[in-house]
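Fold and contact review
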Amino acid sequence: MSQSYETTVASHVLTLDEITNLTEEGDKPADTLMNVVALIATRFRTDVCSAYLLEPDRSNLVLAATLGLHPRCIGTLRMPLSEGLAGLVAEQVMPVAVEDAANHPRFKYFKESGEEVYHSFLGVPLIDRGILQGVLVVQTKEPRIFRETEIRMLVEAASQVAPVVSEARTLDRFIAPTQERLWSVARNLSWSWDYDCISLFRDLNPTRWLQLNQNPIALLNEIPLGEIERRATELGLHSRINYVYRRQQEYLKADRTWGSMNAGVLRPRPVAYFSAEFGLHESLPIYSGGLGVLAGDHIKSASDLGIPLIGIGLFYGQGYFRQYLDKKGWQQEEYLRTDVNQLPMELAIGQNGEPVVVEIETRSGSIRAKVWRVKVGRCDLLLLDSNVAGNAPEDLELTSRLYGGDGRTRIRQELLLGVGGFRALKAMGISPGVLHLNEGHSGFAVLEAIRNRMQEEGQDFDTAARQVPREVIFTTHTPVPAGHDRFHSDLIEEHLGPLREQLGISQQRLMGFGREHPEDHHEPFCMTVLGLLLSRRANAVSSLHGEVSRAMWKGLYPGKPEEAVPIGHITNGVHVPSWLAPQMSRLYDRHLGVGWQGKSSWLRTWEPIQNVDDGELWETHLSLKSQLIEFVRRRAREQAGRRGESHETLLRLSKVLSPDALTIGFARRFATYKRANLILADIQRLASMVNDPKRPVQFLFAGKAHPHDEPGKLVLQQIAEMMRNSNFGDKLVFIEDYDINVGRYLVQGVDVWLNNPRRPLEASGTSGQKVVLNGGLNFSVLDGWWAEAYDGLNGFAIGNGRMHTDMDVHDSRDGEDLYRVLRDELIPLYYQRDKDGLPRGWITRMKRTIRTLGWRFSADRMVMDYTRNCYVPAAGGTSSEMKSPC
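Just so you know, these numbers come straight off a predicted model, no measurement behind them.

Below, the discussion takes up helix α24 (residues 614–642). With 29 residues, α24 ought to run about 42 Å at 1.5 Å a step, and its terminal C-alpha atoms sit 42 Å apart, in line with that. By the N-cap criterion, in which a side-chain oxygen at the helix start approaches the backbone nitrogen of a residue two or three places on, α24 is capped by Asp-613, the distance to Gly-615 being 3.0 Å. The first or second residue beyond α24 is Gly-644, which carries a positive phi of 75°.

Strand pairing in a sheet takes place through backbone hydrogen bonds and is either antiparallel or parallel in direction. Spatially, six strands are ordered β23-β22-β21-β24-β25-β26 in an open sheet, and the strand pairing comes out parallel. Two strands lie at the open edges of the sheet, namely β23 (732–735) and β26 (796–798), each paired on one side alone. The mean angle between the axes of side-by-side strands here comes to 20°, regardless of whether they run parallel or antiparallel. For strand β21 (residues 662–667) and strand β22 (residues 697–702), the ladder comprises six bridges, and the chain directions are parallel. Within β22, the position partnered with Phe-666 by the bridge is Phe-701.

Now for the pairing of β21. For β21, the tally of buried residues reaches six of six residues, placing the bulk of the element in the interior. Residues Leu-662, Ile-664 and Phe-666 line one face of β21 and the alternating positions Thr-663, Gly-665 and Ala-667 line the opposite face, and both faces are buried. Remark: the β21/helix α26 (residues 683–690)/β22 crossover connection has right-handed handedness. Pairing analysis gives two bridges linking β21 to strand β24 (residues 752–755), with the strands arranged parallel. By the bridge assignment, Ile-664 is partnered in β24 with Val-752.

Moving on, we get to the sheet that holds strand β5 (residues 120–128). A sheet is described by the order of its strands in space; here six strands give the open sequence β3-β2-β1-β6-β5-β4, paired in antiparallel fashion. Sheet topology places β3 (78–80) and β4 (96–98) at the edges, where each strand pairs with a single neighbour. Across the sheet, the mean angle from the axis of one strand to that of its neighbour is 25°, orientation sign disregarded. Two elements, β5 and strand β6 (residues 131–140), share nine bridges in a ladder whose sense is antiparallel. Considered in β6, the bridge of Pro-125 is made with Val-135. Sitting on the sheet, helix α4 (residues 84–92) is in contact with β1 (48–54), β2 (60–67), β3, β4, β5 and β6, with an inclination near 35° to β5.

Before going further, it helps to spend a moment on the pairing of β24. Burial along β24 is two-sided: Val-752 and Leu-754 and Trp-753 and Asn-755, pointing in opposite directions, are all buried. Direction of pairing for β24 relative to strand β25 (residues 777–781): parallel, over a ladder of four bridges. Bridge pairing links Val-752 to Leu-777 in β25. Crossover handedness for the path β24 to helix α29 (residues 767–773) to β25: right-handed.

A few words now on the pattern of salt bridges. Counted by the stated rule, this structure contains 62 salt bridges. Measuring nitrogen to oxygen at the nearest pair gives 3.0 Å for the salt bridge that ties Arg-820 to Asp-817. You can see Arg-820 and its partner Asp-817 sitting in helix α31 (residues 807–831), three residues apart, about one turn around the helix. Given a relative accessible area of 16%, Asp-817 falls into the buried group. Shared partners join several salt bridges into a network, and the residues in it are Asp-614, Asp-834, Lys-835, Asp-836, Arg-840 and Lys-847.

Right, let's talk about unusual backbone geometry for a bit. Following Arg-759, the chain continues into Pro-760 via a peptide bond in cis, with omega recorded as 10°. In this structure, Pro-760 sits in the loop between β24 and α29. The phi angle at Tyr-403 is positive, at roughly 55°, despite the residue not being glycine. By the element assignment, Tyr-403 lies in the loop between α14 (393–396) and α15 (407–427). Overall, the relative accessible area of 16% leaves Tyr-403 in the buried class.

The rules behind the values
Residues numbered from 1 in each chain as written. Predicted model: local features only at pLDDT ≥ 70, side-chain atom pairs only at ≥ 80, totals over all residues. Heavy atoms only, no water. Helix = DSSP H or I, 4+ residues; strand = E, 2+ residues; numbered from the N terminus. Expected span 1.5 Å × (residues − 1). Polar contact = N/O pair within 3.5 Å; in protein donor to acceptor, adjacent residues only side chain to side chain. Pairing = 2+ DSSP bridges. Axes fitted to C-alpha atoms, helices over the stretch in contact; angles between N-to-C directions. Buried < 20%, exposed > 50% of the residue type's maximum accessible area, 1.4 Å probe, protein only. Right-handed = clockwise from strand over helix to strand, strands pointing away. Contact = heavy atoms within 4.5 Å. Salt bridge = Lys/Arg side-chain N within 4 Å of Asp/Glu carboxyl O.

So this is what it looks like as structure tokens:
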């Protein structure tokens, strides 16, 4: 039965409301285009719908959005108007309908698009205000003669979406040369979590990209401008360059974000986020481990969400140490100076139009620092650098190394971070509405904020000390006593004396802000105590850590029961785009829907993972595992070569590990409480597992011990020596110089992530959360984040949460349970295969871990929690808040 034209139009052509909704659902024009083609494909019942944009030279088309063709072709499939059927539509500015496209003389086959299965073709021009903007195409698998009414309907739909296409092209109206666009992309670290950008830079020179630690600034500095243009032409990169540039500009200029709707109060007075380290990318080595990577993920998600936030840290000219092992397996440290010309940094400019320089008076002279500005998506990161003229020789090197030096170096670094960081903001005309102290290192910032309030508003100390803490958030990260910085009173007076005098308080009163027992004049000054006493909102980083922290610090709140101690918790999360493998991202694109990454903190986003074909998920995982093994083999050969190992050893290492064996990874700081050697408690049992010909197991280890942690170095050496044991040489590898790059390979490729700290000493831990995103399973003590994440079916647990006052008994219990679960549960499930060779039970757990944990432990969820529960209330942005009676 045929429908009338009017009825057909009513059911096919888009309404104004639908166009408006599509625009609202897409944060950026590129996302809106994807929404448009998806809706048109559904409405017209076609297998493919694609939008091609006319490039600024008006002589080429580029694929901008598609449903049906391969997604990787977006931004890369480019054709002159003189080629292909889409080019014919643009050339004639008329519709073209073909029953079987391959038979048309203008047909051009693009192999990478996957279009060989499609036959019919209908393309119509996209025209806005009389100007050609691009071409809209639908295709079907079956040969099909498009009726005249269908052609008219697609023409009408094209006229309705043409304004959206025109908006998507707006950014290309003022054309920057190729190299300028590449430099523009490289100077903002948002490229580091955009795989299209990463692959573009890599393709310019794959070998040098790896050798330069995947640093686009260093890469572009090496290539002459003319050579960049030549390579872009030879490799057909112009469209991809335009695409990533346009995407980045859309991202940076978007004003319809979660933050704009939920945190508008922060726009005039943003969050100042202080952290001693930031782990953003391996090419910017100003981090040591988990605290820094967490801070990096925090600022990235703040950018994605559109939260007005500025990071404040220190620029470490030599970073954290580079690690290598000698022939005895003993850790050696090497410090290399970073070339600032190879980093995406520029000097911060103050209100006076000059580069910002801050100065802090101490009893022994002043400390000066310049300020670097790093663009992290929509957010800025300010890094203070003491390598400036006018400083004493010791202070020229003050910020050269992260966590180096003695207590005097540490307090001077923390003075620069807190007091200097706050002064840098003021010099730039920034008045923060919230101070977020990520651990106690930056606690002196609150004292400077109080001094500033006294000066600006004429208040006395007591008034300012009541008001400023309302705007302070303090996050504690460690339940280990040694992890809290403490300074003797003489160091405090030497460095805080001038500031104390400006505050108008005595030395004893100042010391009282850092003591659990203010009356004890021998107690050192604790930075965590300062953070807790001068903040109105304090949090731990997991539920269990909250309990531990309340017990640890209850002495600060006399008269309060432990459960009433004002320390809550916001469990850490990870930045999904930074840690998700591209292969897994493409799988999620196919099954979670367009724009899923912007909704990664939503439970319902992850529900469709249950419907993914088992074989598809498993094959994706195996490809990542193979990628990991190749990386480990390459690194193992390089490590052995530096040590002067024999040719035979190098050949053996080139074949180390098997893609068929169950692969377990362990990577973290080598502190003794993390018990990296717990798996070595019974060498004979371990040897029988790794050498089982039917069900082999292999282990990968990585991590650094603090330079002064001799017990940690001994544990590391014990692991490293296993590589020389004939029972383990091919089945246990230690990867040197653990950094973000090594971590990325590990979390994306292992089958199992092992974590066995001594409960309850793990505050949160985030490495296992990164494994979740990539389909790996956690095998962990019920500590930190895993204590609240494990449901019995989404991974494996070591123990049941029991502890013991005798450390040896505690370790023995956990070691025995580790072996039991490996032998009885984990290994059998992995090797239980069906007739198709698939471990169905294992894959069921993979899907469950992704579905139940992917949303809960994303950094987007974490930053949203901070915004709703801390930032907005601290800035006075809540519309209702009732206090309970005492």
